[in-house]
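Chain by chain, the residues:
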Amino acid sequence: MQRIQPLPADFVRDHHAWQAQRTPVHKDTAIKLADEGQTPKAMVIGCCDSRVQPAEVFNGDIGDFFVYRNIANVVPPVDHPQAVSTAAALEYGLTVLHIPHLIVMGHSNCGGVQGCHSLCSGQAPALESPDSFVGSWLQILRPAYERMQRELQPGQDPLVALEQASVLQSLEHLLTHDFIRTRVAAGTLSLHGTWLDIRSGEVSAYDPQAGAFISLTA
Ligand SMILES: [Zn+2]
């Protein structure tokens, strides 16, 4: 068995096409970033979902956004046994790169959040198996599910409510890290919650005064 294969030809062709359309400005930006290092303007914690491109929705170029992705944009609390990967990315982004803005980005039609909803409502026995990595990961969102159930407004879509509750839970868990809490207290780091409607491309941001996610294009 040959365990590692050459790249399929269409990937190679696509790469050539990408190289051919790079402008001198793109090339200069890449060289500058390679020589001088990165200074991203924000770190984004987003979902793995291929329909979510955090840099794109903020019109970002290479070097602008330091993006960490996992299933359902989850931040485990610092003392959680599965915290290390997320914590390592946060530690590097904030203590080495000194990124000033940290954005948690949830999104519509999130399969991870849908899985969490099924798991927590007892409709996904496969996710309850100790062998399920996805199920084990989504258990971290159980408090967000409980919060969503308590706070669901009449007429509100429970999945959208859970997608947004999961963003708020991740923001709370960020503050379990000393290096985040101290930077927020000192005013050198600001935390933001967002939710992307993947169908319309519209981003909503959490407004702490309104206690709700408000569309940026409203
Ligand atoms: Zn997702």
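All residue numbers here refer to positions counted from 1 along the written sequence of the relevant chain. In keeping with the model being predicted, local features are shown solely for residues with a pLDDT of at least 70 and side-chain atom pairs are shown and tallied solely at 80 or more, while totals for entire chains, interfaces and linings include all residues.

It is worth spelling out the overall build of the protein chain at this point. In this text, helices come from DSSP runs of H or I with a minimum length of four residues, and strands from runs of E with a minimum of two, each type numbered from the N-terminal end. Check the secondary structure of the protein chain and you find 10 helices and 6 strands. Along the first, second and third principal axes, the C-alpha set of the protein chain runs to 55 × 55 × 40 Å. When each of the 218 residues of the protein chain is scored for burial, the buried share is 30%. Each residue gets a C-beta atom placed from its backbone, and two residues are in contact if those atoms lie within 7 Å. Long-range pairs, those at least 24 residues apart, make up 63% of the contacts in the protein chain with a sequence separation of at least 6. Between the buried cut of 20 or more and the exposed cut of 12 or fewer other C-beta atoms within 10 Å of a residue's own C-beta lies the partly exposed class, and all C-beta atoms are placed from the backbone.

The N-to-C vectors of helix α8 (residues 142–151) and helix α9 (residues 158–174) enclose an angle of 125°; their axes lie 8 Å apart at closest approach. In terms of orientation, α8 lies oblique with respect to α9. Crossing handedness for the pair α8 and α9: right-handed. Residues Pro-143, Ala-144, Tyr-145, Arg-147 and Met-148 of α8 form the contact with α9, whose own contacting residues are Pro-158, Ala-161, Leu-162, Ala-165, Ser-166 and Gln-169. Residues are grouped as follows: Ala, Val, Leu, Ile, Met, Phe, Trp, Tyr, Cys and Pro are nonpolar; Asp, Glu, Lys and Arg are charged; every other residue, Gly included, is polar. By residue class, the composition of the contact of α8 with α9 is 8 nonpolar, 2 polar and 1 charged. A fitted line through C-alpha atoms serves as each axis, taken over the contacting stretch for helices, and the angle formed by two N-to-C directions is quoted from 0 to 180°. Here roughly perpendicular refers to angles of 65 to 115 degrees, roughly parallel to angles under 35, roughly antiparallel to angles over 145, and oblique to all remaining angles. Crossings are sorted by hand: turned counterclockwise from the far helix by less than a right angle, the near helix makes the crossing left-handed, and turned clockwise it makes it right-handed.

This part covers the sheet that holds strand β2 (residues 65–70). A sheet is described by the order of its strands in space; here 6 strands give the open sequence β2-β1-β3-β4-β5-β6, paired in mixed fashion. A strand with exactly one partner marks an edge of an open sheet, and here the two such strands are β2 and β6 (212–215). Neighbour-to-neighbour, the strand axes of the sheet open up by a mean angle of 30°, direction not taken into account. When strand β5 (residues 202–207) meets β6, the two strands line up antiparallel, connected through 4 bridges. Each bridged residue has a counterpart across the sheet, and for Tyr-206 the counterpart in β6 is Phe-213. One bridge is not enough; two strands pair if DSSP finds at least two bridges between them.

A few words on helix α5 (residues 111–120). The buried fraction of α5 is high, at 7 of 10 residues. The set of residues buried in α5 consists of Gly-112, Val-113, Gly-115, Cys-116, His-117, Leu-119 and Cys-120. As for α5, its buried residues are in contact with β1 (42–47), α6 (125–128), α7 (133–138), α8 and α9. Count one or two residues on from α5 and you reach Gly-122, which has phi positive near 75°.

One less than the residue count of a helix, multiplied by 1.5 Å, gives the span that helix is expected to have. Between the first and last C-alpha of helix α2 (residues 24–36) there are 18 Å, a value that for 13 residues agrees with the 18 Å anticipated at 1.5 Å per step. Among the 13 residues that make up α2, 0 are buried, leaving the element largely open to the surroundings.

Right, let's talk about the environment of His-98 for a bit. In this fold, His-98 is placed in the loop between α4 (84–96) and β3 (101–107). For the pair formed by His-98 and Arg-183, sequence separation is 85 residues and the distance between their alpha carbons is 9.7 Å.

Pairing geometry for strand β4 (residues 190–197) and β5, over 4 bridges, is antiparallel. Within β5, the residue paired with Thr-194 across the bridge is Ala-205. Here β4 hands over to β5 after 4 residues, with Gly-201 in that stretch at a positive phi of 80°. Here β5 hands over to β6 after 4 residues, with Gly-211 in that stretch at a positive phi of 65°.

Glancing now at the nonpolar core. To define a nonpolar core, we join buried Ala, Val, Leu, Ile, Met, Phe, Trp, Tyr and Cys residues through C-beta atoms within 7 Å and take the resulting set. Within the largest apolar cluster, 42 residues are counted, with the highest numbers of intra-cluster contacts made by Val-44, Ala-72, Met-105, Cys-116, Leu-141, Tyr-145 and Leu-162. Contributions of two or more residues to this core are made by β1, β2, α4, β3, α5, α8, α9 and β4.

A few words now on the packing of α4 against helix α10 (residues 178–186). Interhelical geometry of α4 versus α10 gives an angle of 35° and a closest axis separation of 10 Å. For the element pair α4 and α10, the recorded crossing hand is left-handed. Contacts between α4 and α10 pair Leu-90, Glu-91, Leu-94 and Thr-95 from the former with Phe-179, Ile-180 and Arg-183 from the latter. Class assignment for the residues of the contact of α4 with α10 results in 4 nonpolar, 1 polar and 2 charged.

With respect to the secondary-structure elements, Gly-37 resides in the loop between α2 and β1. With 9 C-beta atoms packed within 10 Å, Gly-37 lands in the exposed category. Taking the C-alpha atoms as reference points, Gly-37 and Gly-63, separated by 26 residues in sequence, lie 8.8 Å from one another.

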